There are 2 protein chains.
Amino acid sequence: METSTVTVQAPATVANLVCGYDVLGLCLSKPYDVVEVSLINEKTVIIHPIEGFDLPTDPASNTAGAPLIEMLKLIEADLGFEVKIVKNIKPGSGIGSSAASAAGAVVAANALLGNPFSEHQLVQFAMHGEKIASGVMHADNVAPCIFGGVTLVRSTDPLDVISIPAPDLWVTVVHPQIEIRTADARRILKKQIPLKSAIEQWANTAGLVAGFFKKDNDLIARSLKDVIVEPIRKLLIPRYDEVKSGSIKLGALGGGISGSGPSMFMLSKDEVTATAVEAHMKSVFEAISLPHYTHISKINTAGVTVREN
Amino acid sequence: METSTVTVQAPATVANLVCGYDVLGLCLSKPYDVVEVSLINEKTVIIHPIEGFDLPTDPASNTAGAPLIEMLKLIEADLGFEVKIVKNIKPGSGIGSSAASAAGAVVAANALLGNPFSEHQLVQFAMHGEKIASGVMHADNVAPCIFGGVTLVRSTDPLDVISIPAPDLWVTVVHPQIEIRTADARRILKKQIPLKSAIEQWANTAGLVAGFFKKDNDLIARSLKDVIVEPIRKLLIPRYDEVKSGSIKLGALGGGISGSGPSMFMLSKDEVTATAVEAHMKSVFEAISLPHYTHISKINTAGVTVREN
């Protein structure tokens, strides 16, 4: 252990990918949090006040702190971590803000220790941060954040994350400034769904995965259909249909709600289309004077990356 | 058109593939029907008495006849087809008996005409045979029979069949001699299912497709789980759990009900395992004096094949 501080970039992620509710996700290149972790000589975790947002600094209540507490349980040596976070991903945006801090912290800590833990173990630690953020130990965002590219979480218990070849696509994200609580977004879903719709959904999930492997943009576009979650959750997002249909008219392959929203994302085959889609998104929300942010990004195959000094 | 008769081998197929209910299927090498189609000068379809089983010879009521009637609707020339079938796949076995005759007939007729129709069109014709057999225009069996290998039917309307790379695996099929009507097998399924189970199912369907692309037998084995259909339909098949768990103990990757049963299938990585699985299946049904057939076969990547004269 030559360095006692490691700094990482921990990017935003898009969970669900339309048909792949609760199982698929992809990693963006930006925005990203910057997480700096230093080794200390005491078995504890210290979280410095977060730059950018007012978030808890009690480690057990912090999405970066809880995963590190879990990691320390598996470490015999008398050491701990001190964490500084510059938060660029707005909490509650639906692009994996809590996941980024959690994933960044565990990747940085692992690097500090000489990488004793596997990516699967890091996802497991990071899921404890998600539990704090949403009450559920889910891996939809931490898996693509740590593995990079596109991931399938086939199972969370036992954890089984599968890397899917990431397509060479651009992602446009718009974050309309409304609040949707993840817990609410989960509660409004129907607990029972028609078998017929479920079959359509797994046909499209399988089609999307096949499209990624085959690098077949037409198949990806045909498979980006959600008959279960989108029809309900889109009601929470103003002008949803207008943003989506306009984006597709401009050439986007498809897209939908990012995670539990309110952000929406659209996949495009090139930067020109992704930029036209961004302009359309902006115009829709400007027309109703709804403040919003947009991000354009390639799919990020690296995930969390350690910054060279 | 140099030949006026074409003979094809139309193989059995396994629909559903455990988690991929209604969307995934694979093609076996045997058993297969032999379908001989000859051109005639009249716009009609003639079905000769079927060798092997007592099946309707009225073309509109025959699973090979109905697809050819559909094909003729798109042909301007004054011609028709005469069909002779040697049926080796027992109707009602759950390994695509009706599909084989339908697929064989359209592939042979297409070859006679110089292949004017695409594989997608052939599947569409053949689905009219399935409608006669089961009342539903499904492509679960005709798609793998015509395309070969493993197929995903992402949608039937519009039809969208996707070829998935076939794994280098062996298939053991056992057909216990009991009757399960497809319509009954469909009726006992619940029309509403828990969202939680549906998510598990599409995670596994996506995992299975990824496993086929990655040639990852462990991932295939982990993904061969059905939490929706198997728990209900297995009750119709005596000693189901014993056949399955014993096969997996012997090294099978997994398996389940073929189509709507009563046949069961198991995937194995080599012939030795597939043969041990067959012996186990036989012993289970011999112990209860239930007559049964077994078949061992590699996955057939060619599908229906034209016999060289």
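Refer to the structure printed above.
A. Examining the pairing of strand β5 (residues 150–156) of chain A more closely. Residues and elements named next belong to chain A. Here β5 lies mainly inside the structure; six of its seven residues are buried. Note: strand β2 (residues 24–40) against β5, three bridges, orientation antiparallel. In the strand pairing of β5, L24 is matched with L152. Here β5 runs beside strand β6 (residues 159–164); their pairing, made up of six bridges, is antiparallel. Following the sheet pairing, S155 is matched in β6 by D160.

B. The arrangement of empty space enclosed by the protein in detail. Residue and element names in this part refer to chain A. Counted according to the given criterion, the structure contains two cavities of 30 Å³ or more. Of the pockets and cavities examined, the largest cavity occupies roughly 90 Å³. If you trace the largest cavity, you find it lined by N16, V18, Y21, D226, V229, E230, R233, Y240, G256, I257 and G259. Of all the secondary-structure elements, those providing two or more residues to the lining of the largest cavity are α8 (230–233) and β9 (254–257). A class-by-class count of the residues in the lining of the largest cavity yields five nonpolar, three polar and three charged.

C. Geometry of the interface of chain B and chain A. Counting residues at the interface gives 36 residues for chain B and 36 residues for chain A. Taken over both partners, the interface formed by chain B and chain A buries close to 2800 Å², and the fraction arising from carbon and sulfur atoms is 70%. The interface formed by chain B and chain A contains two salt bridges. The partner of D160(B) in a salt bridge is R222(A), with the nearest N and O atoms 2.6 Å apart. Of all the secondary structure elements, the ones that give two or more residues to the side of chain B that touches chain A are β5 (150–156), β6 (159–164), β8 (192–194), α6 (195–214) and α7 (217–223) of chain B. Element by element, the count of residues in the side of chain B that touches chain A is highest for α6(B), at 14 residues. Among the residues making up the side of chain B that touches chain A, the classes are represented as 21 nonpolar, eight polar and seven charged. When strand β8 (residues 192–194) of chain A meets β8(B), the two strands line up antiparallel, connected through three bridges. Each residue of the ladder has a partner; that of Q192(A), found in β8(B), is P194(B).

What counts, and where the lines are drawn
Residues numbered from 1 in each chain as written. Chains lettered and ligands numbered in written order. Predicted model: local features only at pLDDT ≥ 70, side-chain atom pairs only at ≥ 80, totals over all residues. Heavy atoms only, no water. Buried < 20%, exposed > 50% of the residue type's maximum accessible area, 1.4 Å probe, protein only. Helix = DSSP H or I, 4+ residues; strand = E, 2+ residues; numbered from the N terminus. Pairing = 2+ DSSP bridges. 1 Å grid on protein atoms, 1.4 Å probe; cavity = no way out; pocket = protein on both sides within 12 Å on 5 of 7 lines; lining within 4 Å. Points joined across faces, edges and corners; volume = space filled by probe spheres on them. Nonpolar A, V, L, I, M, F, W, Y, C, P; charged D, E, K, R; others polar. Contact = heavy atoms within 4.5 Å. Buried area = accessible area lost by both parts, 1.4 Å probe. Salt bridge = Lys/Arg side-chain N within 4 Å of Asp/Glu carboxyl O.

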